[in-house]
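Residues per chain are reported as follows:
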Amino acid sequence: MALPITVHEGTMPHRGIRLGRVALVVAVVLALPYVVAPYRLDQVTGALILAIAAVGLNLLSGFGGQISLGHAAFFGFGAYTTGILVTDHGWYPPVAFVLGMLVCFVVGVLVGVPALRLRGMYLALVTLAVGVIFPSLVRRFDSLTGGSAGLFGISFDAPDHAYFAGRAGQILWLYYVAVVALAVSCLLVWNIMRGRTGRAIVALRDNEPAAIVMGVDRTVVRTVLFGISAAIAGLAGGLFAVDTGILTPDSFSLLFTIYLLVAMVLGGRASFWGPIIGGFVIYYLPLWTGELTDGPAAGVLFGILIIVMVFTLREGVVGGLGRLGARVLVVEPRRPTPRFDLSEAPPVSADQGIEPAACQPRQETAAGAPLAD
Amino acid sequence: MSELRVDGVSMHFGGITALDGLSFTIGSGQICGLIGPNGAGKTTLFNCVSRIYQPSAGSICLDGEELLDVPAHRIAGHGVARTFQNLGLFPSLTFLENTMAGAHARGRGGYLGSILRIGQARAERELRAEAFELLEVLGLADLAFLPAAHQSFGTLKRLELARALAARPRLLLLDEPAGGLTHSEVDELSSTIRRVRDEFGLTILLVEHHMAMVMGISDIVVAMNFGEKIAEGTPAEVRSDPAVVSAYLGAPAA
């Protein structure tokens, strides 16, 4: 059979392929705990958490085109909100996650306001300030946060069920929690991006004056986008808190934000799978280089690998896979079916066929003829 | 039905008067060409109508509604659409998505509606169909699923027209539509502009340097110099107006 195979959107083969893809993801997610050892599964949970944060950053920087060097702070706000509520106030962790997300949303919107007037380097500097201030804030309010000594004993115990028994069961539980959180984050981003709001976000990124003239309210779109992006990073932070059990300010340094940015770019910015794949790459790559060599050499190898990946895959892993996939399978988009609405005006002329609904009564002016006042 | 009335519009930048009490009216369904030498204030006026500038004095009314009270991101909802000199398109969206984005002001549902997917699917489907029909009208249907980049300037200009029409405007503002086009593309665009004016019942204001185009498609022409109107009338009248001739060629020797 000649490649690429062409499939028409909405037909049975196309639906089958889409369903198959979903089934594959579900199968991998469900099978993984039975295939890998518990300590390996614990690593997967760590990668999932990084992926969630990258998904949040990608919404803002990838789709929205606004750079943020402060996402470690949002991650931290989420982590400490969850940590403090769970340890000091005995909150049920999922409720604490939601409150952490709300805190991050509010902080994100507040940071988003100056971001309206700034872009490029200047926006990077403002968000950088937020990122740099956060660890100092944690140290300053040490009665609340535990300061440099750390905040201990944060946990999200598995339900009392034989399936989640013992230490392996606890790892399995957190794995599922992280999977659900990632799914929720992706659904959030997917729903925002695939409709009217998503077009407005991309329109603002591509051509701001044109987007505004078309009716996009820049203030609302940009600030809320910042807030939602921060909230997703906060959710990742909350998971990080219950996963590691210990929070210290050093976990939320600038380096963490840089990791997220690298994850986003490596995976493929402004794509749905990009930040997830990038999150895994950025989690596992240092582990592998650490196993191959040790000491400073591992860091050098890590850096070289990233440079190589950026050069070979300009549009990220997802972009590369997409181009590869396009050689095998092409999905032909479905043309929208014409509307047969009787309330609409009949076609103007035979050669036009369908008249758009915007039509107002035809003017009597002969084309080009001057109109006297 | 849709009449644009510009009345006594003045605009000062510091000590410089860019527009000085400019007044003219575009009747319903008319195409009005705004001409004048560089620095005459054409673009300033254009930017006042499209709400990028706020004039120092005067009034700009569309069908009796004061446009100067409307912020820039609301004019689309008040029946005003515009195109840009250097293309106001979104290169990472497809032709179809660009056209759909043009209808933003008519849609409803912000973040919450999108996240919860309340009443979005149906509206999206209808908008898709409508945008596709617009692309068909402008002969762009075959490009519907391609990104709005890597196409000829003339093609992209037509897409911009489709995008502007998706807003279902009453007044269409065209900023140097012929700029950067080849000779045949200009002719093609001229007939397209006239055709959409007739089909959609639009009132059109265009700023243009390309004299042949302006004189060819305009019902009325407003000539400006130094922020003031120096002539107004049919293309033939304006072309032979002594003030216009002297503005372009200099005053005849005494």
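This text follows the structure it describes.
Residues numbered from 1 in each chain as written. Chains lettered and ligands numbered in written order. Predicted model: local features only at pLDDT ≥ 70, side-chain atom pairs only at ≥ 80, totals over all residues. Heavy atoms only, no water.

Novice: Help me understand the overall build of chain B in this model?
Specialist: Within chain B, the secondary structure is distributed over 9 helices and 10 strands. Against the compact-globule benchmark of 18 Å for 254 residues, chain B has a radius of gyration of 19 Å, which places it among compact chains. Considered along the principal axes of its C-alpha atoms, chain B spans approximately 70 × 40 × 35 Å. Sorting the 254 residues of chain B into buried and exposed places 57% on the buried side. Taking all contacts inside chain B whose residues are at least 6 apart in sequence as the whole, residues at least 24 apart take part in 69%. Counting every atom, chain B has about 9,700 Å² of accessible surface; 54% of that belongs to carbon and sulfur. The average position of the 21 basic charges and that of the 28 acidic charges among the side chains of chain B differ by 7 Å. (Helix = DSSP H or I, 4+ residues; strand = E, 2+ residues; numbered from the N terminus. Rg over C-alpha atoms; globule rule 2.2 N^0.38 Å. Buried < 20%, exposed > 50% of the residue type's maximum accessible area, 1.4 Å probe, protein only. Contact = heavy atoms within 4.5 Å. Areas by Shrake-Rupley, 256 points an atom, 1.4 Å probe, with all protein chains shown as cover. Lys, Arg positive; Asp, Glu negative; His and termini not counted. Charge placed at Lys NZ, Arg CZ, Asp CG, Glu CD.)

Novice: Honestly, the environment of B:Gln151 in this entry has me stumped. Any pointers?
Specialist: If you trace the backbone, B:Gln151 turns up in the loop between helix H4 (120-137) and helix H5 (153-165). In this structure B:Gln151 touches B:Phe95, B:Leu143, B:Leu146 and B:Leu156, once residues within four positions along its chain are discounted.

Novice: Just to check I follow, could you spell out the packing of aromatic side chains for this structure?
Specialist: Two aromatic rings, taken as a pair, are described by how far apart their centres are and by the angle between their planes. Residue and element names in this part refer to chain A. Using the criterion set out here, one finds 24 aromatic pairs over all chains in the structure. Ring centres of Phe 75 and Phe 240 lie 5.3 Å apart, and the angle between their planes is 50°; this geometry places the pair in the tilted category. Taken together, the residues Phe 75 in helix H3 (residues 71-89) and Phe 240 in helix H10 (residues 218-244) connect sequence positions 165 residues apart. For the residue pair Phe 75 and Phe 240, the accessibility class agrees, reading buried in each case. (Phe/Tyr/Trp six-rings, centres within 6.5 Å; stacked < 30°, edge-to-face > 60°.)

Novice: Would you mind showing me how to read empty space enclosed by the protein here?
Specialist: A probe as big as a water molecule, rolled over the atoms, marks out the empty space that is left. Residues and elements named next belong to chain B. Within this structure, the stated rule accounts for 4 cavities of 30 Å³ or more. Here the largest cavity defines a volume of roughly 70 Å³. Taken together, Thr 83, Phe 84, Lys 157, Glu 160, Leu 161, Leu 174, Pro 177, Leu 189 and Ile 193 form the lining of the largest cavity. Among the elements of the structure, H5 and helix H6 (183-200) are those that each provide at least two residues to the lining of the largest cavity. Tallying contributions element by element places H5 first for the lining of the largest cavity, with 3 residues. Residues of the lining of the largest cavity, tallied by class, amount to 6 nonpolar, 1 polar and 2 charged. (1 Å grid on protein atoms, 1.4 Å probe; cavity = no way out; pocket = protein on both sides within 12 Å on 5 of 7 lines; lining within 4 Å. Points joined across faces, edges and corners; volume = space filled by probe spheres on them. Nonpolar A, V, L, I, M, F, W, Y, C, P; charged D, E, K, R; others polar.)

Novice: How should I be thinking about the pattern of salt bridges in this particular structure?
Specialist: Between side chains of opposite charge, pairing is possible as soon as their charged atoms come close. Residues and elements named next belong to chain A. Inspection of every chain in the model, using the stated rule, returns 19 salt bridges over all chains. Here Arg 205 and Asp 206 are joined by a salt bridge, their closest N and O atoms 3.3 Å apart. Given a relative accessible area of 24%, Asp 206 falls into the partly exposed group. Each member of the salt-bridge network shares a partner with another, and the members are Glu 208, Arg 218 and Arg 222. (Salt bridge = Lys/Arg side-chain N within 4 Å of Asp/Glu carboxyl O.)

Novice: What exactly am I supposed to notice about the environment of A:Met214 here?
Specialist: Here A:Met214 lies in the loop between helix H9 (208-213) and H10. When residues no more than four places from it in sequence are discounted, the contact partners of A:Met214 are B:Ala76, B:Phe90, B:Ala101, B:Gly102, B:His104, B:Ala105 and B:Arg163.

Novice: What is the right way to look at helix H4 (residues 93-115) of chain A in this model?
Specialist: Residues that lie three or four places apart on an α-helix share one face, since the helix turns once every 3.6 residues. Residues and elements named next belong to chain A. Given a rise of 1.5 Å per residue, 23 residues ought to cover 33 Å, and the 32 Å separating the end C-alpha atoms of H4 matches this to within 8%. Turning to H4, its buried residues are Pro 93, Ala 96, Phe 97, Gly 100, Cys 104, Val 107, Gly 108, Val 111, Gly 112 and Ala 115. For H4, the elements touching its buried residues are H3, helix H5 (120-140), helix H7 (166-193) and H10. (Expected span 1.5 Å × (residues − 1).)

Novice: Help me understand the side chain of A:Asn58, please; the structure alone is not making it clear to me.
Specialist: All names here are of chain A. As for its position among the elements, Asn 58 is in helix H2 (residues 38-63). On the basis of relative accessibility, which here comes to 2%, the residue Asn 58 falls in the buried class. For Asn 58, the residues in contact, after removing those within four places along its chain, are Phe 63, Met 264, Arg 269, Ala 270, Ser 271 and Pro 275.

Novice: Sorry if this is basic, but what is going on with a positive patch on the surface here?
Specialist: Residue and element names in this part refer to chain A. The grouping of Arg 15, Arg 18, Arg 21, Arg 194 and Arg 334 at the surface amounts to a positive patch. By the secondary structure assignment, Arg 334 is in the segment after strand E2 (329-332). When its relative accessible area of 46% is taken as the criterion, Arg 334 is described as partly exposed. (Patch = residues over 30% accessible without salt bridge, like charges linked within 9 Å, V, L, I, M, F, W, Y side chains within 5 Å.)

Novice: Mind showing me how you'd approach the interface of chain B and chain A here?
Specialist: How big an interface is tends to be expressed through the accessible area that disappears when the partners come together. At the junction of the two partners, chain B supplies 62 residues and chain A supplies 56 residues. By the criterion of area lost to chain A, the three top residues of chain B are B:His104, B:Tyr111 and B:Glu133, representing 16% of everything that side buries. Counting the contacts that link chain B with chain A gives 2 salt bridges. When the shortest N-O distance is used, the salt bridge between A:Arg199 and B:Glu124 registers 3.0 Å. Here chain B is connected to chain A by 15 residue pairs in polar contact (both at pLDDT 80 or more). Counting only elements with at least two residues in the side of chain B that touches chain A, the list comes to helix H2 (95-102), helix H3 (111-116), H4, H5 and H6 of chain B. Looking at the side of chain B that touches chain A, the element that brings in the most residues is H4(B), giving 12 residues. In the side of chain B that touches chain A, the residues fall into 25 nonpolar, 16 polar and 21 charged. (Buried area = accessible area lost by both parts, 1.4 Å probe. Polar contact = N/O pair within 3.5 Å; in protein donor to acceptor, adjacent residues only side chain to side chain.)

Novice: Teacher, can you tell me more about the side chain of A:Arg222 here?
Specialist: Residue and element names in this part refer to chain A. Residue placement: Arg 222 occurs in helix H10. Residue Arg 222 is classed as buried on the basis of its relative accessible area, which comes to 7%. A polar contact is formed between the side chain of Arg 222 and the backbone oxygen of Leu 204, at a distance of 3.3 Å. One polar contact links Arg 222 to Glu 208, side chain to side chain, over a distance of 3.0 Å. Residue contacts for Arg 222: discarding those within four places in its chain leaves Gln 66, Leu 116, Arg 119, Leu 204, Arg 205 and Glu 208.

Novice: Help me understand the pairing of strand E9 (residues 220-225) of chain B in this model?
Specialist: Moving residue by residue along a regular strand, the side chains alternate between the two faces of the sheet. Residue and element names in this part refer to chain B. Of all 6 residues that make up E9, 6 are buried, and the element is covered over most of its length. Residues Ile 220, Val 222 and Met 224 line one face of E9 and the alternating positions Val 221, Ala 223 and Asn 225 line the opposite face, and both faces are buried. Here 4 bridges tie strand E3 (residues 31-35) to E9, and the two strands are oriented parallel to one another. Note on E9: the bridge partner recorded for Gly 33 is Val 221. Joining the antiparallel neighbours E9 and strand E10 (residues 228-233) is a turn of 2 residues, in which Phe 226 adopts a positive phi near 50°. (Pairing = 2+ DSSP bridges.)

Novice: Can you help me understand the sheet that holds strand E7 (residues 171-175) of chain B in this one?
Specialist: All names here are of chain B. Strand order across the open sheet formed by 6 strands is E6-E7-E8-E3-E9-E10, with mixed pairing between neighbours. Of all strands in the sheet, those with a lone pairing partner are strand E6 (80-82) and E10, marking the two edges. The sheet shows a mean angle of 20° between the axes of neighbouring strands, taken without regard to direction. With 5 bridges connecting them, E7 and strand E8 (residues 203-207) associate as parallel partners. When the sheet's bridge partners are listed, Asp 175 is paired in E8 with Val 207. Contacts from helix H1 (residues 42-49) reach E3, E6, E7, E8 and E9, with the element oriented near 145° to E7. (Axes fitted to C-alpha atoms, helices over the stretch in contact; angles between N-to-C directions.)

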